[in-house]
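# Architecture at a glance
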Amino acid sequence: MIKPIISSIDIGDFSAIKNISNVCFGENYLTVHTLQKIITHQGIFQKISNNGHIFGFSIAVTINSMIDNKWFSSKEFKTHAEFPYGIIKTIAIHPNYQNQGLGSKLLETTVLKLEAKYDLENLLFPAWIVDDKTRLEEKLVQLGFLFTKELKQYWFKESIEANYQCAKCGNPPCTCSLGLYKKHL
């Protein structure tokens, strides 16, 4: 059994995080350049590791204004939360370590840290829908999130522009849907 340690992401972790993202979401969904931009914003950026080996991460940002909103939120999110709000953008656990409760532990820790550190009105969790369910749906409900809406083919345009290969769809375009969850604080 793994004894995970959850700690802040460091610049030296970017390569390992990108590799996990490539396996979980698809090639180039998350790049080192994107990570460098994201980590400069307000938020909670965590890794889960053991003995220096990273096997998961979470990225959560706070949205305080329309400027932040342009960087981190789609126009569909705007109608679901008032400023300031948080978005748990990405949680990923390498497939070799999934189904051990690590993603749930990382999600719970991320939510608790966002609530404690920032004065937010709402938290949003845009979850990748796989086979009509999100992987963390049960945990999201336990933490007080409610399903808000499904956004069909959410990454279609972005996958073409960024040329990333979805782990499920393969080459662009990605036709996966997103389930938007919201928690009022």
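A short tour of the structure in this document, coming up. Everything quoted here is computed from the prediction, not taken from an experiment.

### Quick word on the state of the cysteines
For the structure shown, the criterion picks out 0 disulfides. No disulfide involves Cys 166; its sulfur sits 3.6 Å from that of Cys 176, the nearest cysteine. Looking at Cys 176, it has no disulfide partner, and the nearest cysteine sulfur is the one in Cys 169, 3.6 Å off.

### Description of the pattern of salt bridges
Counted according to the given criterion, the structure contains 7 salt bridges. The residue Lys 47 makes a salt bridge to Asp 13 at a minimum N-O spacing of 2.7 Å. Here Asp 13 lies in the loop between strand E1 (5-8) and helix H1 (14-24) and Lys 47 lies in strand E2 (residues 43-50), a separation of 34 residues in the sequence. Here Lys 47 matches Asp 13 in class, with each residue buried. Measuring nitrogen to oxygen at the nearest pair gives 4.0 Å for the salt bridge that ties Glu 27 to Lys 18. Since its relative accessible area comes to 17%, Lys 18 is described here as buried. Via salt bridges that share partners, Asp 10, Asp 13 and Lys 47 belong to a single interconnected network.

About the thresholds
Residues numbered from 1 in each chain as written. Predicted model: local features only at pLDDT ≥ 70, side-chain atom pairs only at ≥ 80, totals over all residues. Heavy atoms only, no water. Disulfide = S-S within 2.5 Å. Salt bridge = Lys/Arg side-chain N within 4 Å of Asp/Glu carboxyl O. Helix = DSSP H or I, 4+ residues; strand = E, 2+ residues; numbered from the N terminus. Buried < 20%, exposed > 50% of the residue type's maximum accessible area, 1.4 Å probe, protein only.

Bear in mind that shape data such as this cannot, by itself, settle questions of function.
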